Structure formats: structure tokens, C-alpha cells
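Summary of structural features
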Amino acid sequence: MKSKLLTLAKKFGTPLYVYDLKHIYKNLSALQTAFNQNIQIHYAMKANNYSPLLKKLAQKQIGVDVVSMGEMSLALKSGFKPSKIIFSGVAKTEDEIRFAIKSGIFLLNVESPQELERIGKLSLKHRKMTDVGFRLNPDVNPHTHPYITTGFKENKFGMDKSFLPELVRILKKYNKSLNLISLGFHIGSQLTKIAPYEEAVKKSIPIYKNLLSKGFKLKHFDIGGGIGIPYQNEKTININQYATSIQKLLRPLNCQIHCEPGRLLVGEAGYLLTKVEYVKRTPFKNFVVVNTGMHHLIRPALYNAFHGVENLSRKNKRKIKVDIVGPICESSDFIAKNRLLSPPHQGDILVIYNVGAYGATMASYYNMHVYPKEILT
């Protein structure tokens, strides 16, 4: 793969995002196999929205999870069936909800009573029966970075059981335009332990049963996404154990299980290639200045996230300690600090690993640098 990456850098230039389709298919197959196909996968598009990749995933007959009208439009253009689209997100506008209703998507995940009221009104106005699901906030600590927890009581996402009386009232009010069919959660991102998922499921099951007892015909249970990948040799979740545990807990409900993996499918399959523009040695630091940075990969600046970096142009066993920094006029513009790297030279090609998720989708035009090209191999 390393020689292939060097060839691609020479052919397409840098910075360059490269996505390995075979690796993505392998990850998808592993998840489907772990659940014995008893799961409906909805790829979380926010992780990576590269259109050629979306088209390939749509051909696999899986679904997609979207969080905006832009993502929904792209999903439809990329070949995803409306019947396999879940629309999530805490701030759905009237235009977005209207577009979802008219498109006939599978489900709108509801995050607040006011949102449910809005969906009910718009569905009634357009004489549509809209399927909805409730996103719970089960107050589970996922033990991940605080910026990517989404199922803790202090987070803006989802609803706890105290919301149920008001939600039931709204459902009854709009019984000709709202149909509750799903319950679920998404507790965070980059999770490395099964226990938080198990806790969230156990807390959600009584609510599911309570809604069934009130006459709502729930058929679907959504376990969200968020399974982590090994950025720095972390011990991550065993997919087979995860699937076995979840299915055992949910078997009594006799429901269809849904999930929304993003990073799990694409994270490790992505590479960011960059060129060394300058090597600047000071009495305190060795700076490797490259032609990419926080505008193309914000995770190190935003989360202090680790991404492996390797000098593809040098195979020197001797390493030196360097800071790998970019061209942006911010001191937070770095890819890696105090990292051991084969001694770099001007013009060398470096590869940054595990950028298939939340790399290009979080990129910006800050300082008006050219946006990197993306390719699927």
C-alpha cells in the first residue's frame, strides 16, 4: 500500500485524500456477519460524504443516516433508497422536515417535543403519515472525549424518560399524521468498550415496553453507532462479542435492529498524503512544515486526537523528534507534536493514517487554501 500511495501522490499531487474501498467493504461485511445479517445498517454520512464512495455503498443495499437536507439530497442522488434513509439531528428546520416528508424517507429521529409537534403539523398539512422514532438520552457515560459524548445527561442530544408524557400527548394529537415505529439512542463516538452500549439498551427496554403497552406499534430498535477504531493501538470493541451481547438483550422485543456506523466502516480506510515544504530546526523544536493542516484534518486541534504519520520517502530506521505543522495562521495548526519520524527532507511525502472519517467532511477553506482532491481506490 505504501508504494501505491507514493505513486498516487506523484500522479494526483498533494494534499490528497485516498480511500481504500476494499477495506471499507471488509469492515461492512464483518459487521453484517457478526449480526448474522439480522441488522439494518445505515451508514452515518457525516463521517465521509465523498460521492463516489456513497454510490458504492448504496449499491450494497444498505441504508444511510443523514443530519441535514444537504446530506439527504446527496444520499438520494447517490442511489440510496428513500425507504432506507434515517434523518437525525437536533435542529431540523421546517424546510428540511418538509423535504424529508415529501421524499418518503424511512424515518425521522425525533430529539425534542417541539420537533415532534413540528413534524406532526407539517405532515398533517401535506396529508402524509410520517414514521418517526424517538432518540433517547439514557444518561450513559461512554468514556470517550467530552466533545463526542451524545448520550450523557449533560448533552444536547435525545430525550430522557421525563419527556414521555408530553411526547405521548403529541402523538395522540397528531394520530393521523404521526406513526411511532422506533426507539433508540446514540451515546457517543469513538467508544472502545461494550458496557456503555449494554447499559443504554437495558435502560431503553423498559421505555420501549411502556410505549408498546400504550398501543404504539414499535417494530424497530436503533443502537446508534460510535464504535471506535485504533488510532494509537487502543484496544477496541470486539464486533462479534458486541453483536452477540446486543442481540441477546433485544431478542425478547422481537424487533428489527438498526445501527449507524460511520467511523467503523471508513476511518481506517482513509489516508491523507502531504508534502514536506520546509524543515525548520530551532534550538527548541524540529518543525516539519507540510502543505496540509488543521483546515484538512481538524481532529488534532479540536480533540487533541492522535493520527499516525509516516515518511513514505525515507526508510531510515533512525528517527528524530518533530512537530508536523501546516500553513494555517494559527498556533493550533498541527498534525502531530513530539512525534518520531524518519529524518524528513524538503519534498518528501508523508502519509497521515486513519483519516477516512471526519477528515474531509470537517475540512474548511480557512486561509483560502485549495481543497484537497479525494480519490477512491
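This one's a predicted model, so the numbers in the text were calculated from it and none came from an experiment.

Here we come to the overall build of the protein chain. Looking only at helices and strands, one finds eleven helices and 16 strands in the protein chain. For 377 residues, the compact-globule formula gives about 21 Å, and the C-alpha radius of gyration of the protein chain, at 22 Å, lands near that figure. Counting only C-alpha atoms and orienting by the principal axes, one finds that the protein chain spans roughly 70 × 40 × 35 Å. The burial tally for the protein chain puts 55% of its 377 residues in the buried class. At a minimum sequence separation of 6, the contacts of the protein chain that also span at least 24 residues come to 72%. As presented, the protein chain carries roughly 17,400 Å² of accessible surface, and 51% of it is formed by carbon and sulfur atoms. For the protein chain, the distance from the average site of its 54 positive side-chain charges to the average site of its 27 negative ones is 6 Å.

Below, the discussion takes up the packing of helix α2 (residues 21–34) against helix α9 (residues 239–250). The interhelical angle for the contact between α2 and α9, taken along N-to-C directions, is 35°, at an axis separation of 8 Å. As for how α2 packs across α9, the hand of that crossing is right-handed. On α9, the residues touching A30, L31 and A34 of α2 are I239, N240, A243 and Q247. Partitioning the contact of α2 with α9 into residue classes produces five nonpolar, two polar and no charged.

On average, residues of the protein chain carry a pLDDT of 94, and 96% of them reach 70 or more. Low confidence marks residues 148–152, where pLDDT is under 50. Its contacts with residues over four positions away, or in another chain, come to 27 contacts.

A word on the side chain of N291. Its location among the elements puts N291 in the loop between β11 (286–290) and α11 (299–303). A polar contact of 2.6 Å, which involves the side chain of N291, links it to the side chain of T274. Engagement of the side chain of N291 in a polar contact is seen with the backbone nitrogen of K275, the distance being 2.9 Å. Setting aside residues no more than four positions away along its own chain, N291 makes contact with T14, P15, T274, K275, E277, H296 and P327.

Attention now moves to the packing of aromatic side chains. For any pair of aromatic rings, the description consists of the separation of the ring centres together with the inter-plane angle of the planes. Counting across every chain of the model gives eight aromatic pairs. Between Y271 and Y353, the ring centres sit 5.8 Å apart and the planes meet at 70°, which makes this aromatic pair edge-to-face. Residue Y271 is located in strand β10 (residues 270–281), and its partner Y353 is located in strand β15 (residues 349–353); the two are separated by 82 residues in the primary sequence. An aromatic cluster of three or more residues is present, and its members are Y17, Y19 and Y50. Over the ring of Y25 we find K60; its NZ or CZ atom is 4.2 Å from the centre of that ring.

Quick look at the environment of I349 now. Note that I349 resides in strand β15. Owing to a relative accessible area of 11%, I349 belongs among the buried residues under this scheme. With 39 residues separating them in the primary sequence, I349 and E310 have C-alpha atoms 8.7 Å apart. Sequence-distant contacts of I349, defined by excluding residues within four places in its chain, comprise L6, A9, T14, T274, K275, E310, N311, L312 and S313.

A pair can form between side chains of opposite charge whenever their charged atoms are brought close. Counted under the stated rule, the structure contains eleven salt bridges. By sharing partners, the salt bridges in this structure join E94, D95 and R98 into a single network.

Turning to the nonpolar core, a few remarks are in order. Ranked by internal contacts, the top residues of the largest apolar core, which has 98 residues, are Y43, F134, L211, I223, L250 and I324. Considering each element in turn, this core owes the most residues, seven residues, to helix α8 (residues 195–213). Look past the residues within four positions of L250 in its chain and what remains in contact with it is V201, I205, F221, I223, C255 and I257. Counting eleven residues, the second largest nonpolar core, distinct from the first, contains L16, L312, I349 and I375.

Here we come to the pairing of β10. Note: strand β1 (residues 16–19) against β10, four bridges, orientation antiparallel. Looking at β10, one finds that V18 is bridged to Y271. Two strands pair when backbone bridges link them, and β10 and β15 are joined in this way by five bridges, in the antiparallel orientation. Residue pairing for β15: L273 is matched across the bridge by V351. Inspection of the sheet shows β10 paired to β11 by five bridges, in the antiparallel sense. Residue Y278 lies in a different strand from β11, and its bridge partner there is V289.

Turning next to the packing of helix α5 (residues 94–103) against helix α6 (residues 113–125). One way to put it is that α5 packs onto α6 with a least axis distance of 10 Å and a crossing angle of 55°. Classified by the interaxial angle, the pair formed by α5 and α6 is oblique. The handedness of the crossing between α5 and α6 comes out as right-handed. Across the interface between the two elements, E94, I97, R98 and I101 of α5 pack against R118, I119, L122 and S123 of α6. Residues belonging to the contact of α5 with α6 are distributed by class as follows: four nonpolar, one polar and three charged.

Rules and cut-offs
Each chain has its residues counted from 1, running along the sequence as written. Given that the model is predicted, a residue must reach a pLDDT of at least 70 before its local features are reported, and side-chain atom pairs must reach 80 or more before they are shown or counted; all residues, however, enter totals for whole chains, interfaces and linings. Only hydrogens and water are removed before side-chain values are computed, so all heavy atoms of the structure are retained for them. Secondary structure follows DSSP: runs of H or I at least 4 residues long count as helices, runs of E at least 2 residues long count as strands, and numbering of each begins at the N terminus. C-alpha atoms define the radius of gyration, and 2.2 Å times the number of residues to the power 0.38 defines the globule rule. Type-normalised accessible area, obtained with a 1.4 Å probe on protein chains alone, sets the label of each residue: buried when under 20%, exposed when over 50%, and partly exposed for intermediate values. We call two residues contacting when some pair of their heavy atoms lies within 4.5 Å. Each accessible area value is a Shrake-Rupley result obtained with a 1.4 Å probe; residue values ignore everything except the protein chains displayed when judging cover. Here Asp and Glu are counted as negative and Lys and Arg as positive; His is not counted, and neither are the chain ends. For this purpose, a charge sits on NZ of Lys, CZ of Arg, CG of Asp or CD of Glu. Between the N-to-C directions of two axes lies an angle of 0 to 180 degrees, each axis being a line fitted to C-alpha atoms and, for a helix, fitted only over the stretch in contact. Here is the rule for handedness: rotate from the far helix to the near one, and if that takes an anticlockwise turn smaller than a right angle the crossing is left-handed, while a clockwise turn gives right-handed. Amino acids outside the nonpolar list (Ala, Val, Leu, Ile, Met, Phe, Trp, Tyr, Cys, Pro) and the charged list (Asp, Glu, Lys, Arg) are all regarded as polar, and Gly is one of them. Values of pLDDT, ranging from 0 to 100, describe the predictor's confidence in every residue of the model. Side-chain atoms alone can form a polar contact between residues adjacent in sequence; in general such a contact is a pair of N or O atoms within 3.5 Å, and within protein one must be able to donate a hydrogen while the other accepts it. Paired rings are identified among Phe, Tyr and Trp, the last through its six-membered ring, by centres lying within 6.5 Å, and are further divided according to the angle between planes into stacked (under 30 degrees), edge-to-face (over 60) and tilted (the rest). Cation placement over rings: the criterion is NZ of Lys or CZ of Arg within 6 Å of the ring centroid and within 35° of the ring normal. Whenever a carboxyl oxygen of Asp or Glu lies within 4 Å of a side-chain nitrogen of Lys or Arg, that contact is scored as a salt bridge. Nonpolar cores were defined as sets of buried Ala, Val, Leu, Ile, Met, Phe, Trp, Tyr and Cys residues, with membership established by side-chain atoms within 4.5 Å. Strand pairing is assigned whenever DSSP identifies at least 2 bridges connecting the two strands. The labels follow the angle: roughly parallel below 35 degrees, roughly antiparallel above 145, roughly perpendicular from 65 to 115, and oblique for the rest.

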